[in-house]
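For reference, the chains in residue letters:
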Amino acid sequence: PDATPDPARMASQILDAVVPGFADAAGIYALEQLLSDGTPVRQMTGTGQRGLVVRRLANRSAMADQPAFGAAFPSGEVVALAADSPFARCLRDGAPVIFARPVGRTMQRISKEARTTLDRYTSFLATPMITRGTTVGILLLAREPGAPSFHGADTQATADLAGRAAAAIADSLALMRHRSVAEA
């Protein structure tokens, strides 16, 4: 992807590489703390009872009705992920997590449209985006019932992609901050 000071545009370019093909739907979520104040998150231990707060930078779906998918999962939306969710676990453990579908408090925290849309997918893979020791966010991939479920071999490919995505988004954020300082 081309260098850009817009992390959402960078995330969108990354998702273009995986949907369709490797996944039927995908999203990139950045840690809100990193976006809001630029504080690097070095280690994701002890997410607490409240869980994690992330912002959806971009999403993509192979389904014909991308506008409906975008309405269910709007870019820029801030989402609170439950501490016991697979999303939080992937960040806490620093490793990809494969699961059949999101459940529990995270599902209760999203819109009815989003819950209905997620029901279309039967295999999910959440991968932490980490670069240079800094946790940037999560790469989330999903597959529909007709596609093979995610398995162990997929985790290495997504870990590599997530690392590259983390570096690109971190660089994009740094470029954005440098431009803001230069313009001040």
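Procedures and definitions
Residues numbered from 1 in each chain as written. Predicted model: local features only at pLDDT ≥ 70, side-chain atom pairs only at ≥ 80, totals over all residues. Heavy atoms only, no water. 1 Å grid on protein atoms, 1.4 Å probe; cavity = no way out; pocket = protein on both sides within 12 Å on 5 of 7 lines; lining within 4 Å. Points joined across faces, edges and corners; volume = space filled by probe spheres on them. Helix = DSSP H or I, 4+ residues; strand = E, 2+ residues; numbered from the N terminus. Nonpolar A, V, L, I, M, F, W, Y, C, P; charged D, E, K, R; others polar. pLDDT = per-residue confidence, 0-100. Contact = heavy atoms within 4.5 Å. Buried < 20%, exposed > 50% of the residue type's maximum accessible area, 1.4 Å probe, protein only. Polar contact = N/O pair within 3.5 Å; in protein donor to acceptor, adjacent residues only side chain to side chain. Phe/Tyr/Trp six-rings, centres within 6.5 Å; stacked < 30°, edge-to-face > 60°. Lys NZ or Arg CZ within 6 Å of the ring centre and 35° of its normal. Core = buried A, V, L, I, M, F, W, Y, C linked by side-chain atoms within 4.5 Å. Pairing = 2+ DSSP bridges. Axes fitted to C-alpha atoms, helices over the stretch in contact; angles between N-to-C directions.

## Examining empty space enclosed by the protein
Gaps left between atoms are located by rolling a probe of water-molecule size over the structure's atoms. Taken as a whole, this structure holds one cavity of 30 Å³ or more when the rule is applied. When its volume is computed, the largest cavity comes out at roughly 270 Å³. If you go around the largest cavity, you meet 21 residues; those closest to its centre are Tyr 29, Phe 73, Phe 87, Leu 118 and Leu 140. Taken together, the elements giving at least two residues each to the lining of the largest cavity come down to strand 1 (25-31), strand 2 (52-61), strand 3 (78-81), helix 5 (105-108) and strand 6 (134-143). In the lining of the largest cavity, the residues fall into 17 nonpolar, three polar and one charged.

## Side note on the confidence of the model for the chain
The pLDDT averaged across the chain works out to 84; a share of 84% of its residues lies at or above 70. Every residue in residues 45-49 scores below 50 in pLDDT, and together they form seven contacts with partners more than four places removed in sequence or on other chains.

## Re the environment of Ile 98
As for its placement among the helices and strands, Ile 98 is situated in strand 4 (residues 97-99). Separated by 29 residues in sequence, Ile 98 and Thr 127 place their C-alpha atoms 8.8 Å apart. When neighbours within four sequence positions are excluded, Ile 98 is seen to be in contact with Phe 124, Leu 125, Phe 150, His 151, Gly 152 and Thr 155.

## Concerning the side chain of Arg 60
As for its position among the elements, Arg 60 is in strand 2. According to the relative accessible area criterion, Arg 60 is buried, its value standing at 16%. At 2.6 Å, the side chain of Arg 60 forms a polar contact with the side chain of Ser 12. In this view, Arg 60 contacts Ser 12, Leu 15, Asp 16, Val 19, Asp 24, Ala 25, Ala 26, Gln 66 and Phe 69; residues no more than four positions away in its chain are not counted.

## Concerning the packing of aromatic side chains
We describe a pair of aromatic rings using the distance from one ring centre to the other and the angle between the two ring planes. Applying the stated criterion to the full structure yields five aromatic pairs. Pairing Phe 69 with Phe 73 gives two aromatic rings, centres 5.1 Å apart and planes at 50 degrees, and the pair type is tilted. For Phe 69, a relative accessible area of 5% corresponds to the buried category. Consider the rings of Phe 99 and Phe 124, whose centres lie 5.3 Å apart with planes at 10 degrees: the pair is stacked. Note that Phe 99 is positioned in strand 4 and Phe 124 in strand 5 (residues 123-131), a separation of 25 residues in sequence. Accessibility expressed as a relative area gives 10% for Phe 99, which makes it buried. Classification of Phe 124 by relative accessible area gives buried; the value is 1%. Within the aromatic cluster, the residues linked to one another by ring pairs are Phe 87, Phe 99, Tyr 121 and Phe 124. The aromatic ring of Phe 22 is capped on one face by Arg 143, whose charged end is 5.0 Å from the ring centroid.

## Topic: the nonpolar core
Of all hydrophobic cores here, the largest spans 54 residues; its most connected members are Ile 28, Met 129, Ile 138, Leu 141 and Ile 169. Take this core: its biggest share by element is seven residues, from helix 7 (residues 152-183). Aside from chain neighbours lying at most four places away, what touches Ile 28 is Ala 11, Ile 14, Leu 15, Arg 55, Arg 56, Leu 57, Ala 58, Met 129, Ile 138, Leu 139 and Ile 169.

## Re the sheet that holds strand 6
Reading across from one edge, 3-2-1-6-5-4 is the order of the six strands in this open sheet, with antiparallel pairing throughout. Looking at which strands have only one partner, the edges of the open sheet turn out to be strand 3 and strand 4. Each adjacent strand pair in this sheet contributes to an overall mean axis angle of 30 degrees, direction not counted. As defined by bridge partners, strand 2 adjoins strand 3 across four bridges and the pair is classed as antiparallel. In the sheet register, Val 53 faces strand 3, and the bridge partner there is Ala 80.

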